[in-house]
Every structure is written in structure tokens, then in C-alpha cells.
Amino acid sequence: MGSIFNIEPDDPAPDYRQLYRQAREAILRGDFPAGSRLPSSRELAAQLHTARITVVQAYRQLEREGFVMTRPGSGTFVATALTRADVEPAGAGRGLTEWGVRAARLGAGRERPADEDRVPETRPAEIDFSFGRSFAELFPYDVWRRLLARYLSTDDAMMARYGTAAGYLPLRETIATYLRASRGVTCDPRQVVIVSGAQQALDILARLLLVPGDEVLVETPGYRDAFSLFRLHDARLTGLPVDEQGLPVDRIPPGCRARLVFVTPAHQFPKGGTMPLERRVALLKWAATRGALVIEDDYDGDLRYEGQALTALQGLDSERVVYLGTFSKVLFPALRLGYLVLPPRLLEPFIAAKDLVDRGAPTLTQAAVADFIEEGHFERHLRQLRRVYGRRRTALVEALERHMPGLLAYSPVAAGLHVMTALPPGSEEGRVVRAAAERGVRVYPGAPFYLEQPSPPAILLGFSGLDEDNIDEGVRRLAEVIP
Ligand SMILES: Cc1ncc(COP(=O)(O)O)c(C=O)c1O
């Protein structure tokens, strides 16, 4: 039987400390409500293939800190005093305890410390199936430098004052034109707001729309940084397992009271799959009857290799849907530019909040991106990315079929930069990831993307950063470690 905890041999922290940390985070997240019983040390030790003393030490530490109580003969229970109200006093007197709680909630599930530069490690894997980055050799830096230089003259008044909190108008105009034509988004340029990445848009929306305890409906597996962010705002997440067509709207629990729904209908993240029109209409109907707002995250819709993009959800109901886009995948992530299309009633509050948060995205890069799009470089760049990434995607699918015929199930890869593959039932994804690393191949575990634990074993393989030969060789080596 699997466990919601795991002990990572590569983690420098002692085993009991890893376990203590995970249990503490699980309690703070509410996975173990006050008064509930933790697995017995014997059960947990057996599940984790570790010594019982490791679990006992972890539980003792939790007990010393008041998280659990041991009742001799009956087990270890989450302290009943540990309700949300106790650890998070409302209003005045908010102290270190609460900060600790919030920090712990953020730490959960992170692969690496937040202050670590997101640069390649010192000893990169020979073949790294990473995703979520762009590749310098494919980006027209000469053009980019020229466009930036245009706005760097010392007599340019634009650079001497604050920009507009909603974003640089010519960029908003060109995005509106692009989205109307490519996604069927219905919008006036004034509904487009420029943000410092999609992640900031989610943060501001959560600040504006959620009160502690609100329910948010999300896809599982799904975008875990959205999960963490909603949790940071004290939301309760309801995860609906997706199928090959995204969110199965007819399976939303009847008692669901979500105020917000977060979906990736164009290309479900991370499983793949596109939500068909009937489901889109059904979701909007559901949201309308509940008064819920839908966030449509179209994070990689520009990189579609097959078929036409369906009309965005936003194009079907511009009053109820917030459309979210990013330049992280198609330009580069460190640019930190994204955009949203807001329903008119949310526009003013959102822009006011954005103004308070950071006074608006940097004008220099916005102006350069506006020209990049306006002068045709963006379309050209997209065509090149689709061609190159499309070839790599075909190479990955063919390699999976060649080296592991019928072994790994994966959703159709019509778009995006990665494939999520299901490992054979019963296999341990941590072991597969480690064994692949020993062969110089880096693949990514699926578990962090699932709300439900234990999750079905899966790995993610990004294809955009590897040439066809490396993709084939990487999959060949991976095949050797799949049970
Ligand atoms: C599902 C999803 N949404 C949005 C983003 C983009 O976030 P940002 O614009 O903050 O870089 C990503 C990036 O990895 C993503 O995977």
C-alpha cells in the first residue's frame, strides 16, 4: 500500500526529519483534521520501508511542538486544540504562529527552495526531459535587442515616469487583436490587463475574490502552483479528476459551492486533452447557476500542433470567465509578462489592486513585446517553435512506441511542451525517477501535480529542449528502468 508520505534518499535531511516535516505540513493543510488518528508507527514504517523508530522520532517531535497527542494504547491523534482559529487568530494579534503556518503551507510540495535561482544545476543530467523553460537558440535575440534599444534612448520620456497599472496600451491593443483572431476571445483592448506572469494574475484574483474557507474547484492532476496559491489565500480546494477531455463537468459534486473554478480547457495541464464544446457549455451553465467565476488558463495554447484551437471559454461567456495567457512558454519565462482578459465588472478592482501591488508591469519590456508582435516577429517565432517543437513531439511519441510499445499510456499530445505518461500500476515513480537519473536521464514525477494522494504513478517528459536523437536515446534508457 502507498503512503501520503515518502522518504527521499537524496534528501540530505534525516529520514525522521523528512517525515516530521511532511506530517506537520499535512496537518496544517488540514489533510488530518483535529482529533483524527495518524497511521500507527508500525503501519507507517511498513508502508515506507523504514524502521519504526524513524516514525516514532517524527511523532515525538510533532508531540513536543503540540501538533499531536499520544494516547497510550490507542494511537497518535492530531491535537484537538489545533483548529484553524487557534493557529490563525483573526484581526489584531496576528503573530509568528500564523506566519509560520502560511510559510509551511507554501513550503509543501516545493521541489527546491524558492530563493534558489531557477538555473540548470551544477551537474545537469545528460538528457533532461525538462519542461517549462524556453531555449535561447530558438529565440531571435538580435531582434529583441534592437527593439529594446529603441526605448533606451535617454531622452525618452516614457522611461522617466510610472507606466499605467493596467499595462502599456499599444501592447493591450495588439494582444486584443491577436486573441480575437486566434482564440475567439471577445474583448475590447481595455479589458486586457498586463501582469507579471500568469501567477501574479492568480494572486490578485484570489486576493479580490476569495475569503478564507472559500471553495475553489480545480482539475487534478493540475497546476500545482495554482493549488499552492489558492491555499495561501486560505481556500479549500476541491479537486475533480480529469479524463482525456479535461474536467468532467457532469461529475462536479452536487454539494460543490466553489466561488472560483480554475481550468486549462485548451490543453489540460499536465495530462493533455482538450475540453470539447459540450463540456465548455455545461461548465459555463454550472458556473452561472452557482454564481461562480471561471479562470481559463491558456498557458500554452499558442503551441498547438494539431487541429484548430476551439473558441475560448471566454468567447462563450465574457461576463463569467477570466482568460489568462502568458509569454513564458512562447517568449521566455524570465520576461515575467502575462495578460488577462477580464469581465468588465472586475476591471476596475483588478487594476486598482495591480497598482497597489507593483504599480504595473515594466514599460520597457512591454513596449518591446508590443513591437515584437506588431512587426510580425511573434508570428514568425511561433511558426518556428511549432515546427521545431512539433518535430520533437513526434520524436518522443515515436520513441515511446518504439522502446515501450503498449507499456506507457499517455494522452494525445496536440499541444504544449511535455507529455504525461502513466507508469504501470504498482510501480513507484520515485524509484523510476532515481533509476533514470542513474542512467543520466532526468524525468519528472507526476505526484506533485495530484491533489489526491497516493496518486497513480506517472512521470512527465518535456520534449521541447532536446533534439530528436537525444529524445530517442533518453526514452531507450528510460525503458530499461520501467518495471
Ligand atoms: C499551467 C500553467 N499556467 C501558467 C503558467 C505560467 O506562469 P507564468 O506566466 O507566471 O510564468 C505555467 C508555467 O509553467 C503553467 O504551467
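Scroll up to find the structure this text is about.
Residues numbered from 1 in each chain as written. Predicted model: local features only at pLDDT ≥ 70, side-chain atom pairs only at ≥ 80, totals over all residues. Heavy atoms only, no water.

J.: Got a minute to help me understand a nonpolar patch on the surface in this structure?
T.: There is a patch of nonpolar side chains on the surface, built from Leu277, Val281 and Leu316 and spanning about 240 Å² of accessible area. As for its position among the elements, leucine 316 is in helix H11 (residues 313-316). (Patch = residues over 30% accessible without salt bridge, like charges linked within 9 Å, V, L, I, M, F, W, Y side chains within 5 Å. Areas by Shrake-Rupley, 256 points an atom, 1.4 Å probe, with all protein chains shown as cover. Salt bridge = Lys/Arg side-chain N within 4 Å of Asp/Glu carboxyl O. Helix = DSSP H or I, 4+ residues; strand = E, 2+ residues; numbered from the N terminus.)

J.: Just checking my understanding: could you explain helix H15 (residues 429-438) for this structure?
T.: An α-helical segment advances 3.6 residues per turn. Residues three or four places apart therefore align on the same side. Within the sequence span of H15, burial applies to Glu429, Val432, Val433, Ala435 and Ala436. In this fold, the buried residues of H15 make contact with strand S13 (441-442), strand S14 (444-445), strand S15 (458-462) and helix H16 (468-481). Just downstream of H15 lies glycine 440, where phi reads positive at about 80°. (Buried < 20%, exposed > 50% of the residue type's maximum accessible area, 1.4 Å probe, protein only. Contact = heavy atoms within 4.5 Å.)

J.: Would you mind showing me how to read the side chain of serine 36 here?
T.: Take serine 36: it is sitting in the loop between helix H1 (15-29) and helix H2 (41-48). In terms of polar contacts, serine 36 uses its side chain to reach the backbone carbonyl oxygen of proline 33, at 2.6 Å. Each residue touching serine 36, except ones within four places of it in the same chain, is listed here: Thr76, Phe77 and Val78. (Polar contact = N/O pair within 3.5 Å; in protein donor to acceptor, adjacent residues only side chain to side chain.)

J.: Got a minute to help me understand the packing of H2 against helix H3 (residues 52-64) in this structure?
T.: Helix-helix packing is described using two parameters, namely the angle between the two axes and the distance between the axes. Where H2 contacts H3, the axes come no closer than 8 Å and their chain directions differ by 120°. One finds that H2 runs oblique with respect to H3. Viewed along their axes, H2 and H3 form a crossing whose handedness is right-handed. Within the contact between the two elements, H2 uses Ser41, Arg42, Leu44 and Ala45 and H3 uses Arg52, Val55, Val56 and Tyr59. Among the residues forming the contact of H2 with H3, the class breakdown is 5 nonpolar, 1 polar and 2 charged. (Axes fitted to C-alpha atoms, helices over the stretch in contact; angles between N-to-C directions. Parallel < 35°, antiparallel > 145°, perpendicular 65-115°, else oblique. Left-handed = near helix turned anticlockwise from the far one by under 90°. Nonpolar A, V, L, I, M, F, W, Y, C, P; charged D, E, K, R; others polar.)

J.: Any chance you could explain the packing of helix H14 (residues 377-403) against H16 here in plain terms?
T.: Relative orientation of the contacting elements H14 and H16 amounts to 30°, with a least axis distance of 9 Å. Here H16 runs roughly parallel to H14, going by the angle between their axes. H16 is crossed by H14, and the crossing has right-handed handedness. Contacts between H14 and H16 involve Arg391, Arg392, Ala395, Leu396, Ala399, Leu400, Arg402 and His403 from the first element and Glu468, Ile471, Asp472, Val475, Arg476 and Ala479 from the second. Classifying every residue of the contact of H14 with H16 gives 7 nonpolar, 1 polar and 6 charged.

J.: Which parts of the structure should I look at to understand the nonpolar core?
T.: For soluble globular proteins, nonpolar side chains are generally found buried alongside one another. Counting 71 residues, the largest nonpolar core has Phe129, Phe327, Tyr389 and Leu478 as the members making the most contacts within it. The dominant element in this core, judged by the number of residues it contributes, is H14, at 10 residues. No fewer than three residues from each of domain 2 (113-137 + 380-479) and domain 3 (155-374) sit in this core. With residues near it in sequence (within four places) discarded, phenylalanine 129 still touches Leu396, Val441, Arg442, Val443, Tyr444, Leu460, Leu461, Gly462, Leu466, Ile471, Gly474 and Val475. In terms of nonpolar packing, the next biggest core, distinct from the first, is built from 30 residues, Leu209, Ala226, Phe350 and Ala353 among them. (Core = buried A, V, L, I, M, F, W, Y, C linked by side-chain atoms within 4.5 Å. Domains from an automatic or database assignment.)

J.: Which parts of the structure should I look at to understand the sheet that holds strand S8 (residues 293-297)?
T.: Strands pair in a sheet through their backbones, by hydrogen bonds, and they do so in one of two ways: parallel or antiparallel. Strand order in the open sheet formed by 7 strands is S4-S10-S9-S8-S7-S5-S6, and the pairing between neighbours is mixed. Pairing within the sheet leaves two strands with one partner each, and these edge strands are strand S4 (192-195) and strand S6 (236-241). Along the sheet, successive strands turn relative to each other by an average axial angle of 20°, direction set aside. Two elements, strand S7 (residues 260-263) and S8, share 4 bridges in a ladder whose sense is parallel. (Pairing = 2+ DSSP bridges.)

J.: Whenever I open this one, the pairing of strand S12 (residues 418-422) confuses me. Can you help?
T.: Consecutive residues of a regular strand have side chains that alternate between opposite faces of the sheet. Of all 5 residues making up S12, 4 are buried, and the element is well covered by its neighbours. Bridge analysis of strand S11 (residues 409-410) against S12 gives 2 bridges, and the strand direction is antiparallel. When the bridges of S12 are listed, tyrosine 410 appears paired with threonine 421.

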